[in-house]
Amino acid sequence: MIIRPEAPGDVAAIRIVEEVAFGRSAEARLVDDLRAAGDSVFSLVAVDDNTVVGHVLFSRMKAPFPALALGPVAVLHEYQRTGFGSRLTRQGIARGEAAGWLGIFVLGDPAFYQRFGFDVDKASGFVSPYAGSHLMALPLGGNELPTDAGIIEHAAAFAKLG
Ligand SMILES: CC(C)(COP(=O)(O)OP(=O)(O)OC[C@H]1O[C@@H](n2cnc3c(N)ncnc32)[C@H](O)[C@@H]1OP(=O)(O)O)[C@@H](O)C(=O)NCCC(=O)NCCS
């Protein structure tokens, strides 16, 4: 299994992975919309035996410091619970850190994201339509975010997620 940046030929396969993993089309559409709007900063695929079996996307967002939004992340059912989701997420975090981003926000299940250092408390000072028990933040390049409060705004495509 390898993890590599999305290539133009991966678009259809990514759509399938997102749709099948989530059991609905909203996240696949989110990925397409983020890409079309130029809001995707990087997008990684997990490839096994020449097949795309997992995907994660990091998008630009407005925040008081350079910050990325993580999501969606998805792995085909038959490949779940074998480390693909963690490897995609960890590689994305490492890329973001290496590129000088100072934080990542994610909206999701803390039971999955806490293992990477995402913290609900670290996001709790930020004003967002998604504020609450599922909004988490991860500092990059240190243990704390540059500021623990402010307004954050995800890319416009997230508003359609519902
Ligand atoms: C969430 C998802 C990407 C994880 O991918 P994965 O390849 O199964 O993840 P890993 O094999 O790296 O598992 C890492 C850990 O996360 C746990 N985990 C997997 N899916 C989880 C979920 N939905 N919620 C909470 N924990 C989850 C696993 O049990 C494992 O825990 P362990 O190390 O204590 O055994 C995958 O299950 C998926 O595509 N789910 C449907 C889409 C989705 O819900 N994505 C967003 C999640 S908020």
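One can find the structure itself at the top, above this paragraph.
Quick notes on the rules
Residue indices begin from 1 for each chain and proceed along its sequence in written order. Owing to the predicted nature of the model, reporting of local features is limited to residues with pLDDT of at least 70; listing and counting of side-chain atom pairs is limited to 80 or more, with chain, interface and lining totals taken over all residues. Only hydrogens and water are set aside when side-chain values are computed; all heavy atoms of the structure are taken into account. Only a single heavy atom is needed: when it lies within 4 Å of a molecule or strand, its residue is near that molecule or strand. Within 3.5 Å is the distance limit for a polar contact, defined as a pair of N or O atoms, with the added protein rule that one can donate a hydrogen and the other accept it, and that residues adjacent in sequence qualify only through two side-chain atoms. Note that accessible areas follow from Shrake-Rupley with a 1.4 Å probe, and for residues the cover is restricted to the protein chains shown. Only DSSP runs of H or I covering at least 4 residues are called helices, and only runs of E covering at least 2 are called strands; the numbering of each starts at the N terminus. Note on residue classes: Ala, Val, Leu, Ile, Met, Phe, Trp, Tyr, Cys and Pro are nonpolar, Asp, Glu, Lys and Arg are charged, and everything else, Gly too, is polar. DSSP-based pairing: two strands are paired if at least 2 bridges between them are found. Lines fitted to C-alpha atoms define the axes here, with helix axes fitted over just the stretch in contact, and angles between the N-to-C directions of these axes take values from 0 to 180 degrees. Contacts were defined at the residue level, with two residues in contact if any of their heavy atoms lie within 4.5 Å. We define a salt bridge as a contact between a side-chain nitrogen of Lys or Arg and a carboxyl oxygen of Asp or Glu at a distance within 4 Å. Throughout this description, buried means an accessible area under 20% of the type-specific maximum (1.4 Å probe, protein chains only), exposed means over 50%, and partly exposed covers the range between.

### Describing the site of the ligand
Link 1 in the chain: Around the ligand there are 17 residues in total, and Val75, Arg81, Gly83, Gly85 and Ser86 lie nearest to it.
Link 2 in the chain: The separation between an oxygen atom of the ligand and a polar main-chain atom of Thr82 is 3.0 Å.
Link 3 in the chain: Contact distances for the ligand include 3.2 Å between a nitrogen atom and a side-chain N or O atom of Asp109.
Link 4 in the chain: When the free accessible area of the ligand is taken as 850 Å², the share hidden by the protein chains comes to 71%.
Link 5 in the chain: Listing elements by their share of the shell around the ligand, those giving two or more residues are α1 (11–22), β4 (67–75), α3 (84–98) and α4 (110–113).
Link 6 in the chain: Its residues assigned to classes, the shell around the ligand shows nine nonpolar, five polar and three charged.

### Regarding the sheet that holds strand β2 (residues 40–48)
Link 1 in the chain: Across the sheet, six strands lie side by side as β1-β2-β3-β4-β5-β7; this open sheet has mixed pairing. The open sheet terminates on both sides in strands that have one partner only, identified here as β1 (2–5) and β7 (135–139). Looking at each pair of strands side by side, their axes are set apart by 25° on average, direction ignored.
Link 2 in the chain: Judged from the four bridges that link them, β1 and β2 form a sheet pairing that is antiparallel. Residue pairing across strands places Ile3 opposite Ala46, the latter belonging to β2.
Link 3 in the chain: Contacting β2, β3 (51–60) and β4, α1 crosses the sheet at an angle of about 75° to β4.

### A few points about the pattern of salt bridges
It is possible for side chains bearing opposite charge to pair when their charged atoms get close.
Link 1 in the chain: Scanning the model with the defined rule gives nine salt bridges in all.
Link 2 in the chain: Salt-bridge contacts for Arg15 lead to Asp32; the nearest nitrogen and oxygen are separated by 2.7 Å. A residue pair is termed long-range when its members are at least 10 positions apart, and Arg15 in helix α1 and Asp32 in helix α2 (residues 26–36) qualify at 17 residues.
Link 3 in the chain: Accessibility expressed as a relative area gives 35% for Arg15, which makes it partly exposed.
Link 4 in the chain: Here the salt bridges share partners, and the residues they tie into one network are Glu6, Arg15, Asp32 and Arg35.

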